[in-house]
Amino acid sequence: MQYSLMLQALNCLSRIAVFAPLLIWSQLSFAQGILPQVTRIAESANDFQLDGDLDESVWNDLPVIDGMQVIDPDTLADAPYETHVRMFYTERGIYIGAMNYQPEDSLVARMTSRDTRLARDGFVVSIDPSGQGLYGYFIRLNLGESMTDGTILPERQFNMQWDGPWNGRTSEVEGGWSAEIYIPWSMMALPQDDDVRTIGFYFERQVGHLNGDTWSNPPLPQTVNEYLSAFTKYELRGIQPARQLTYYPFIGGVHDDIRHEDTYKIGTDIFWRPTTNTQLTATINPDFGSVQADDVVVNLTAFEQFFPEQRDFFLEGQDIFITHPRHTNPGGPGGPIQLVNTRRIGGAPILDIPDGVDVLPTDRSQPTDLLGAMKFVGQQGKFRYGTLMAFEDEMEIEGVLEDGSTVELISQGRDFVVGRALYEDTNSGGRRSIGWMGTSVHHPAIDETVNAIDAHYFSADNRWVIDSSFMRSDKNGEVGYGGMADFRFRPERGKQHTVRATYFDESLDINELGFLTRNDQMNLDYNYNVFESDISWLRSRNTTYIITNQWNVDGKPVRIGLFLNQDYNFLNNDTFSYSLRVFPERIDDRLGRGTGDFEIPQREGLNLSYESDPAKPLAFNVGIDWGTDQLGPQQVTSRAGVAWRPNDRFSSEINLEYTDQEALLIHNGSGSYTSFEAHQWAPNMEVNYFIGPRQQIRFTMQYNGIKAFEDRFWQSSPIGAEPLTPVAKPNATPDDFVISRMTFQARYRWEIAPLSDLFLVYTRGSNLPRDSFDTYSDLFARTWNQPIINTFAFRLRYRFGA
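Residues numbered from 1 in each chain as written. Predicted model: local features only at pLDDT ≥ 70, side-chain atom pairs only at ≥ 80, totals over all residues. Heavy atoms only, no water.

Draft legend 1. Spatial organisation of the nonpolar core. Formed by 44 residues in total, the largest nonpolar core has its most connected members in Phe123, Val125, Ile183, Phe201, Phe203 and Leu236. Those elements that place two or more of their residues in this core are strand 3 (83-89), strand 4 (93-101), strand 5 (122-128), strand 6 (136-142), strand 7 (147-153), strand 10 (176-184), strand 11 (196-207) and strand 13 (232-237). With residues near it in sequence (within four places) discarded, Ile183 still touches Gly93, Ile94, Ile96, Val125, Ile127, Ile139, Trp166 and Met188. One finds Phe321, Leu370, Leu388 and Met471 within the second-largest nonpolar core, a separate group that totals 26 residues. (Core = buried A, V, L, I, M, F, W, Y, C linked by side-chain atoms within 4.5 Å. Buried < 20%, exposed > 50% of the residue type's maximum accessible area, 1.4 Å probe, protein only. Helix = DSSP H or I, 4+ residues; strand = E, 2+ residues; numbered from the N terminus. Contact = heavy atoms within 4.5 Å.)

Draft legend 2. Seen up close, helix 4 (residues 776-785). Of the positions making up helix 4, those classed as buried are Tyr776, Leu779 and Thr783. In a view along the axis of helix 4, the buried residues occupy a sector of 55°, so they form one face of it. Of the exposed residues in helix 4, those oriented more than 90 degrees away from the buried face are Ser777 and Asn785. Looking at the packing, one finds that the buried side of helix 4 touches strand 38 (672-681), strand 40 (695-715), strand 43 (737-753) and strand 44 (756-767). (Arc of directions from axis to C-beta.)

Draft legend 3. The sheet that holds strand 1 (residues 39-40), seen in detail. The strand order 1-3-4-10-9 describes an open sheet built from five strands, whose pairing is mixed. The open sheet terminates on both sides in strands that have one partner only, identified here as strand 1 and strand 9 (167-173). Where strand 3 and strand 4 come together, seven bridges link them in antiparallel fashion. In the strand pairing of strand 4, Thr83 is matched with Asn100. (Pairing = 2+ DSSP bridges.)

Draft legend 4. Representation of the side chain of Asp520 within the structure. Relative to the assigned elements, Asp520 resides in the loop between strand 27 (495-504) and strand 28 (521-532). Of note is the side chain of Asp520, whose polar atom sits 2.9 Å from the backbone nitrogen of Val553. Contacts of Asp520, omitting those with residues within four sequence positions, involve Phe504, Asp505, Glu506, Trp551, Asn552, Val553, Asp554, Asp589 and Arg590. (Polar contact = N/O pair within 3.5 Å; in protein donor to acceptor, adjacent residues only side chain to side chain.)

Draft legend 5. Layout of the pairing of strand 16 (residues 278-284). By the bridge criterion, five bridges tie strand 15 (residues 261-273) to strand 16 in an arrangement that is antiparallel. Each bridged residue has a counterpart across the sheet, and for Trp272 the counterpart in strand 16 is Leu280. Counted along the chain from strand 15 to the antiparallel partner strand 16, the turn is four residues long. For strand 16 and strand 18 (residues 370-380), the ladder comprises seven bridges, and the chain directions are antiparallel. For Gln279, the partnering residue across the bridge sits in strand 18 and is Val377.

Draft legend 6. Looking closely at the pattern of salt bridges. Following the criterion strictly, the structure yields 36 salt bridges and no others. With a closest N to O distance of 3.5 Å, Arg110 and Asp648 form a salt bridge. Of this pair, Arg110 sits in the loop between strand 4 and strand 5 while Asp648 sits in the loop between strand 36 (634-644) and strand 37 (650-669); the two residues are 538 residues apart in sequence, bridging distant segments of the chain. As a salt-bridge pair, Lys475 and Asp509 come within 3.3 Å of each other at their nearest N and O atoms. Of this pair, Lys475 sits in strand 25 (residues 464-475) while Asp509 sits in the loop between strand 27 and strand 28, and the two are 34 residues apart along the sequence. Residue classification places Asp509 among the partly exposed positions, given a relative accessible area of 22%. Shared partners join several salt bridges into a network, and the residues in it are Arg114, Asp149, Asp163 and Glu751. (Salt bridge = Lys/Arg side-chain N within 4 Å of Asp/Glu carboxyl O.)

Draft legend 7. Here's a closer look at the packing of aromatic side chains. For the structure on display, the rule yields 38 aromatic pairs. Ring centres 6.3 Å apart and planes at 15° place the aromatic pair Tyr528 and Tyr545 in the stacked group. Within this pair, whereas Tyr528 is found in strand 28, its partner Tyr545 is found in strand 29 (residues 538-551), the two being separated by 17 residues in sequence. Tyr545 gets classed as partly exposed once you look at its relative accessible area, which sits at 41%. Where Phe744 meets Trp784, the ring centres are 5.3 Å apart and the plane angle is 80°; that geometry is what we call edge-to-face. With a gap of 40 residues between them, Phe744 in strand 43 and Trp784 in helix 4 connect regions that are remote in the sequence. (Phe/Tyr/Trp six-rings, centres within 6.5 Å; stacked < 30°, edge-to-face > 60°.)

The structure is reproduced here in structure tokens:
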């Protein structure tokens, strides 16, 4: 098949589209009005007690904010129940109270882990301290006092991994339920203003018994582009908090039952705000061990698996290092595109293992200790900036020689440096910004620097959004270039066109500190989304048409597809979804790891799923994915899950997934492949019990088991880009294999105070040898009984200071 005309057009369009945003820099208009003021009360006169009851006299004379409208479903109708929001502030922070009226017998409280999304009764306040839609904070307090929080970047980019030192209480009262929230000024970056500040506020409420209907003021449904910049602006005077110094000392220990050793660590994180608009963060003798386990993933592809950051130090103040929405939302398959992926810092050691020396897999993958890390972020006028530095320690790892004797291997640590500067302008309406970021990684075997420019545009009429990033990498003298630009146009509420352009050459490499699933790509993708909420028999219908058009720079199609996705959200909040997809003939240029491309025939697929209302005490989900493997035979995945929440304190959930593949293709080296008949079970379980809103006992288990039986053997063509050729079995040794992996964790958490916790954690993990054929029940039992990780850990952290 000839692709020359299509390739030339794609090459031209993708290059133009990627670099076009740098040409957009225009003046917009904005009309200033008189802003409402928030009441200030002297701290000495404040006898306030945070208990959720709204019974203090201070609330009585404050103005009431209501006027909520329904945003989910997107009807913009007036809310059926009143919500009375009041707020005042002191020199220490801001207090927000909400009286949520509704029938008392309709209350839905569900205690969950922090940042768990679940339909229930909840109240949200989001704050834009800049007053210009530049950055913000999202805070949600649910009935029962479970918390959710995160940071916000324009316009609707949420980082829900961030946790802030705010506090809140709720109470069931006559006529509904009430909430009180306290947010310290020290939690947020405040521009270096004089006496008068402009701060944006957004209030939202979810009602569980109304199928999770959501209301807000101002009304900002997902069907509009604007969010952060459209918060209601209020005027606050005289906020000049004193310099803030906060310590997070910790003590932790781990008993390793496999190695029969105990380790302990004492250290501290330090957060200092020398001014309201700057923050210095440092860590001394850091403990970057996580009290959460990553998902159990079996990755048999040629692409790296992405895991999100979980460590508190790197999550605080991290938003300045986000340069593009694809940092969290890639807009397609594969992981995100990040210039700074902090999971690289303190990752697996870089080892040069001599021949004849064996090192345990758990030692090869263990985290690297850090000598220390420091981060400084701030802003001045229209400029924001930040820097991050981290330094890994040298590690000694034990290797075993063929005669059974041991030898010490030395792993040199890496040094990481990041710099960031961003200029943002919103004075004339809309938003325009341009920024630079540079990263550097140094190691005796690695010297990588990356420089990038990012530009962003949000039109004053809220219809156009453009985000772009352009980068240059230099790794050990090899230079690479790349860029990406996303164009979003919303002609009317509920309809959006999106074009994503990407160009990465074959030499671009940002993965020593960043994350990029693949370089060598030239893409021009399009999708059209229609969201409808005016259908009588539905709450909403969401339809998306997608054209995927991805090539490598040699002019070979690596992913071309047509998709139709539809979600039907019924009046009872059940959801039915389906997806149709067609992949025309393409080339696989990655699975062979450079030993030869091969052609993949046209494939089709269908996904079906049904999910009952997740707010009900008993909820379920079922689904089936039908598709074809790379060689053409079918692949079917079936899923089912049940969640049971008999009361507000207890919840349990179990999910089962089974995949049957007729031609799982595995590369053996030198262009040879084996296709397997494979069967995979992937169950997971979670049980939670809350002693109170701040004490939780949690059990989680994830298992992933694959049994694969050799079927046929293949060889790629030496001239490339041809279908794989069937060949005879190259040897008498069977290639059958088994993967059986499990992680179990039992965890007790006590939130003593905001961001002050005691953790007690038991972790058990296993990975059986690949020749361990047995029934799945026996495999699971053996996986449990033959752990390679068996630890008990504790960590106590307490927050002192402002």
